[in-house]
Amino acid sequence: MNGSRIAAVGHYQPAKILTNEDLAGLVDTSDEWITSRVGIRTRHIAGPDEPVDELAGHAAAKALASAGLGPEAIDLVVVATSTAIDRSPNMAARVANRLSIPNPAAMDVNVVCAGFTHALATADHAVRAGAATRALVIGADKMSEVTDWTDRTTCVLVGDGAGAAVVEAAEEPGIGPVLWGSVPEMGNAVRIEGTPPRFAQEGQSVYRWATTKLPPIARAACEKAGLTPAGLAAVVLHQANLRIIEPLAMKIGAVNAVVARDVVDSGNTSAASIPLAFSKLVERGEISSGDPVLLFGFGGNLSYAGQVVRCP
């Protein structure tokens, strides 16, 4: 085998929906204020009895079912998350236990909002190297648990959820080379820290960085896959804020692509946002099998990672 491909995807969101009107009853805000600044209308919020690994497990089970596979087919589980409260067992081990996956390598990846694309690259590399045959790659976060619900600048942004992909060996590579990096000296621009941990960010700094520095990096990720942005069928960016997604997609130059805008309905779900939005595009039939799709994560640590994949 010369590479790997995404065989199937799946996603999961908690049942509870928090609207902008609901938030207006908690903090000094309004639907107009939120939509004009970040473009979000609703978000899904997990309950106290819905831990991160449960969200991840539901999405992973859906991806496995879509691939027509049982848990015994998986030998690597990689979970991207930044909201794991416990240090051990990690989320990957807990998901493997929930799904009865026998003896997998199990690891978590914490690159916050760019976590899923880092985890996907890690699984791709493992499969290419022969260290794994078939992997579950999951992005899952419970941002509501690390949010100050009295801070209107952050509580209007967040949502909870999970997305997953089954990655397997393939003769024709379906996952392009990753382009990744970070800006460590600006890492404090997005934070989840303290006791208890709380999410905070420097919104204007993140906006300027994302809309000015990231477009050439995203275009370079396309070039590594042998494509121009005009050849993309879809662009799935980290669903941070509609006011970042739309100018960034335009500056990338993907003029023929469907642009994922799941942030409107789901809010910022951190590592879950890319696989969640990608899975919904596949489920709705907005992209077809074999279509080239740019996945591009960015945010926490001011890290970024992007690759072109072929739609399952």
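Just above sits the structure.
Cut-offs and rules
- Residues numbered from 1 in each chain as written.
- Predicted model: local features only at pLDDT ≥ 70, side-chain atom pairs only at ≥ 80, totals over all residues.
- Heavy atoms only, no water.
- Helix = DSSP H or I, 4+ residues; strand = E, 2+ residues; numbered from the N terminus.
- Rg over C-alpha atoms; globule rule 2.2 N^0.38 Å.
- Buried < 20%, exposed > 50% of the residue type's maximum accessible area, 1.4 Å probe, protein only.
- Contact = heavy atoms within 4.5 Å.
- Areas by Shrake-Rupley, 256 points an atom, 1.4 Å probe, with all protein chains shown as cover.
- Pairing = 2+ DSSP bridges.
- Axes fitted to C-alpha atoms, helices over the stretch in contact; angles between N-to-C directions.
- Core = buried A, V, L, I, M, F, W, Y, C linked by side-chain atoms within 4.5 Å.
- Expected span 1.5 Å × (residues − 1).

Colleague: Can you walk me through the overall build of the chain in this structure?
Modeller: Counting its regular elements, the chain contains eleven helices and 14 strands. Its C-alpha atoms give the chain a radius of gyration of 18 Å, near enough to 20 Å, the size a compact globule of 312 residues would have. Projected onto its principal axes, the C-alpha positions of the chain cover 55 × 45 × 40 Å. When burial is assessed residue by residue, the chain has 58% of its 312 residues classed as buried. Look at the contacts in the chain between residues 6 or more apart in sequence, and 76% of them connect residues 24 or more apart. For the chain, the accessible area works out to roughly 12,100 Å², and carbon and sulfur atoms hold 49% of it.

Colleague: Hey, could you run me through the pairing of strand β13 (residues 292-299) in this one?
Modeller: Each regular strand carries side chains that alternate between the two faces of the sheet. Counting buried positions over the eight residues of β13 gives eight, a clear majority of the element. Alternating positions in β13 separate into two faces, Pro292, Leu294, Phe296 and Phe298 on one and Val293, Leu295, Gly297 and Gly299 on the other, with burial throughout. Pairing of strand β11 (residues 234-237) with β13, which is carried by four bridges, proceeds in the parallel orientation. Directly across from Leu237, in β13, lies its bridge partner Phe296.

Colleague: Just checking my understanding: could you explain the sheet that holds strand β1 (residues 3-12) for this structure?
Modeller: With respect to topology, five strands assemble into an open sheet ordered β1-β7-β6-β4-β5, the strand pairing being mixed. Each having just a single partner strand, β1 and β5 (105-109) make up the two edges of the open sheet. Each adjacent strand pair in this sheet contributes to an overall mean axis angle of 20°, direction not counted. In this sheet, strand β7 (residues 160-170) lies alongside strand β6 (residues 134-142) in antiparallel orientation, the contact comprising nine bridges. Residue pairing across strands places Val137 opposite Ala165, the latter belonging to β7.

Colleague: Help me understand helix α7 (residues 203-212) in this model?
Modeller: Residues spaced three or four apart along an α-helix face the same direction, because each turn holds 3.6 residues. For α7, the complete set of buried residues consists of Ser205, Val206, Trp209, Ala210 and Thr211. If you follow the buried residues of α7, they end up packed against β9 (190-193), β10 (198-201), α8 (214-224), α9 (242-252), β13 and β14 (303-310).

Colleague: How should the sheet that holds strand β8 (residues 179-182) be read in this particular structure?
Modeller: Paired through their backbone hydrogen bonds, the strands of a sheet run either parallel or antiparallel. Pairing within the open sheet is mixed, and its five strands lie in the order β8-β14-β13-β11-β12. Strands at the two margins of the open sheet, each flanked by one partner only, are β8 and β12 (258-259). Its contacts with the sheet place helix α5 (residues 115-128) against β8, β13 and β14, and it is angled at close to 55° to β14. Contacting β11, β12, β13 and β14, helix α11 (residues 273-284) crosses the sheet at an angle of about 150° to β11.

Colleague: How do you make sense of the nonpolar core when you look at a structure like this?
Modeller: Note that soluble globular proteins tend to have their nonpolar side chains buried in a common cluster. Ranked by size, the top nonpolar core spans 48 residues in total, and within it Leu214, Leu237, Leu294, Phe296 and Phe298 carry the most contacts. At the level of elements, α2 (31-37), α7, α8, β11, α9, α10 (263-266), β13 and β14 are the ones that each hand at least two residues to this core. Top contributing element to this core by residue count: α9, with six residues. With near-sequence residues (within four places) excluded, Phe298 lies in contact with Cys113, Ala114, Trp209, Ala210, Leu214, Leu237, His238, Ala240, Ile244, Leu248, Ser303 and Tyr304. Membership of the second largest hydrophobic core comes to 33 residues, among which are Ala114, Ala119, Val127 and Ala234.

Colleague: Sorry if this is basic, but what is going on with α11 here?
Modeller: The terminal C-alpha atoms of α11 lie 17 Å apart, and with twelve residues this matches the ideal 16 Å at 1.5 Å per residue to within 8%. Summarising burial for α11: nine of the twelve residues are buried, a large majority. Within α11 the residues assigned to the buried category are Ser273, Ile274, Pro275, Leu276, Ala277, Phe278, Ser279, Lys280 and Leu281. Among the residues trailing α11, Gly285 stands out with phi positive, at a value near 75°.

Colleague: Would you take a moment to explain the pairing of β9 for this structure?
Modeller: Where β9 lies against β10, four bridges are found, and the strand directions are antiparallel. Its bridge partner being in β10, Ile192 is matched across the sheet by Phe199. Connecting β9 to the next strand, β10, in antiparallel fashion are four residues, including Gly194 with a positive phi near 100°.

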